[in-house]
Amino acid sequence: MKPTKTVVILGAGTAGTIMANQLCQVQDEHVDLIVIVIEQSAIHHYQPGYLFIPFGVYTPEEMQKPVEDFIPQEAILMAEAIERIDPDANAVLLSSGKQVFYDVLIIATGNHIAPEETEGMMGSLMAQGHFRFLYP
Ligand SMILES: Cc1cc2nc3c(=O)[nH]c(=O)nc-3n(C[C@H](O)[C@H](O)[C@H](O)COP(=O)(O)OP(=O)(O)OC[C@H]3O[C@@H](n4cnc5c(N)ncnc54)[C@H](O)[C@@H]3O)c2cc1C
């Protein structure tokens, strides 16, 4: 009997979704994979498509689909918010209080815009609303 390894993917944006789909296709003669995806949002945003919304090519609704539509049936999708990672215990702690243990962890929780960390970015032009970020 083959040993089992658990891969936990944090986030089901573009990166997490691609990893889940790739890993669920892996047929390894030495190990069985359990793939768990943890995502707090029920909606997947196709961000590149947002560029086309102002020009009427797509509507916002067309760029937003249910996360579950893109996660393979072989994977376990957990609709939960991630609180923190406990690397010493190989565990992810969720806001609900649950713990999910992993053998391999893939962090795909996206980015966070932090203009205040770049000198000058929060100057007068920014304050007057002359710059906009496309990232959520
Ligand atoms: C307008 C625009 C145009 C773009 N055009 C292109 C392009 O032409 N080509 C290109 O290659 N890229 C493009 N990009 C960039 C590309 O869309 C992003 O790089 C990509 O979507 C990032 O994917 P990701 O999976 O890393 O993050 P995201 O898609 O942001 O996914 C992160 C996921 O993690 C989840 N998450 C975060 N924190 C938690 C938590 N605590 N608990 C549970 N879940 C959590 C979020 O809900 C989210 O679903 C564009 C982006 C924008 C905004």
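Residues numbered from 1 in each chain as written. Predicted model: local features only at pLDDT ≥ 70, side-chain atom pairs only at ≥ 80, totals over all residues. Heavy atoms only, no water.

### Observations regarding the packing of aromatic side chains
Summed over all chains, the structure comprises one aromatic pair. Here the aromatic rings of F52 and Y58 are separated by 5.9 Å at their centres, their planes lie at 80 degrees, and the arrangement is edge-to-face. (Phe/Tyr/Trp six-rings, centres within 6.5 Å; stacked < 30°, edge-to-face > 60°.)

### Observations regarding the layout of surface pockets
As a volume, the largest pocket reaches approximately 780 Å³. As for the largest pocket, its lining consists of 30 residues, of which G13, E39, Q47, T109 and G110 are closest to the centre. Those elements that place two or more of their residues in the lining of the largest pocket are α1 (14-23), β2 (32-39), β3 (43-45) and β6 (82-86). Tallied by class, residues from the lining of the largest pocket come to 17 nonpolar, twelve polar and one charged. (1 Å grid on protein atoms, 1.4 Å probe; cavity = no way out; pocket = protein on both sides within 12 Å on 5 of 7 lines; lining within 4 Å. Points joined across faces, edges and corners; volume = space filled by probe spheres on them. Helix = DSSP H or I, 4+ residues; strand = E, 2+ residues; numbered from the N terminus. Nonpolar A, V, L, I, M, F, W, Y, C, P; charged D, E, K, R; others polar.)

### A look at the site of the ligand
Near the ligand there are 17 residues, and of these T14, A15, E39, Q47 and I82 occur at the shortest range. One nitrogen or oxygen atom from the side chain of E39 is found 2.6 Å from an oxygen atom belonging to the ligand. Coverage of the ligand by the protein amounts to 66% of the 1000 Å² it exposes when considered alone. Cavity membership is defined here by more than half of the atoms lying within 2 Å of grid points; on that basis the ligand lies in the largest pocket. (Near = heavy atom within 4 Å. Polar contact = N/O pair within 3.5 Å; in protein donor to acceptor, adjacent residues only side chain to side chain. Areas by Shrake-Rupley, 256 points an atom, 1.4 Å probe, with all protein chains shown as cover. Sits in = over half its atoms within 2 Å of the grid points.)

The values are spatial; any link to function lies outside them.
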